[in-house]
Amino acid sequence: MIRRAGPQDVDGIAAVFTRSFATLDFLPTLHTPEQHHAFLGGRVLAEQEVWVAERDGRILGFIALDGDLGTLFCVDPDEHGCGIGSALFAEVQRERPNGFRFWVFQQNARARRFYEARGCTVLELTDGSGNEERTPDALYQWLPAGQGSSAR
């Protein structure tokens, strides 16, 4: 089930974030799980539109949107390949039918294949100097069929 998240979901969201982030072994560890929890509850859930995928009351993945920019997209590693990411992505396509953008670390090959298989295109590649991790990233965009790509 996909639904809008609320403040009561911060523990489940933080758990998925921590487990998902830990699989990105190319990233430096900059924050503790407690700092992630505080950021997700105090900033992301409070200021952004967040959607969760859950089964039997357990959050399996989430996506956060700030306008037309996807800021976080995480799926519990145990759920990779089970359709959770696809369901969340489809929800964002319904919520943002005119398109949306999002950042992905260039080294996150699995995520990049996922997005490209869904018709997303790269708008920009960076050297990482603009992100906290100082790790090269890519700005992607999804547009509905028939619309061309546009730079930001």
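Everything numeric in this text was worked out from a predicted model, so none of it was measured.

Enquirer: Where do I start with the packing of aromatic side chains in this structure?
Expert: For any pair of aromatic rings, geometry is given as the distance between the ring centres together with the angle between the planes. What the rule picks out here adds up to 13 aromatic pairs. Between Phe26 and Phe105 the ring centres are 6.1 Å apart and the planes differ by 70°, which places this aromatic pair in the edge-to-face class. You can see Phe26 sitting in the loop between α1 (10-22) and α2 (33-47) and its partner Phe105 sitting in strand β5 (residues 100-105), a full 79 residues away along the chain. Relative accessible area serves as the criterion here: at 22%, Phe26 is assigned to the partly exposed category.

Enquirer: What am I meant to see in the pattern of salt bridges here?
Expert: When their charged atoms lie close together, side chains carrying opposite charge are able to pair. Applying the stated criterion to the full structure yields eleven salt bridges. Note that Asp68 is salt-bridged to Arg101, the shortest N-O span being 3.2 Å. Placement of Asp68 in the loop between β3 (58-66) and β4 (69-75) and of Arg101 in strand β5 is noted, with a sequence separation of 33 residues between them. Looking at Asp68, the relative accessible area reads 36%, which means it is partly exposed. Exposure remark for Arg101: the relative accessible area of 18% places this residue in the buried category.

Reading the values: rules and limits
Residues numbered from 1 in each chain as written. Predicted model: local features only at pLDDT ≥ 70, side-chain atom pairs only at ≥ 80, totals over all residues. Heavy atoms only, no water. Phe/Tyr/Trp six-rings, centres within 6.5 Å; stacked < 30°, edge-to-face > 60°. Helix = DSSP H or I, 4+ residues; strand = E, 2+ residues; numbered from the N terminus. Buried < 20%, exposed > 50% of the residue type's maximum accessible area, 1.4 Å probe, protein only. Salt bridge = Lys/Arg side-chain N within 4 Å of Asp/Glu carboxyl O.

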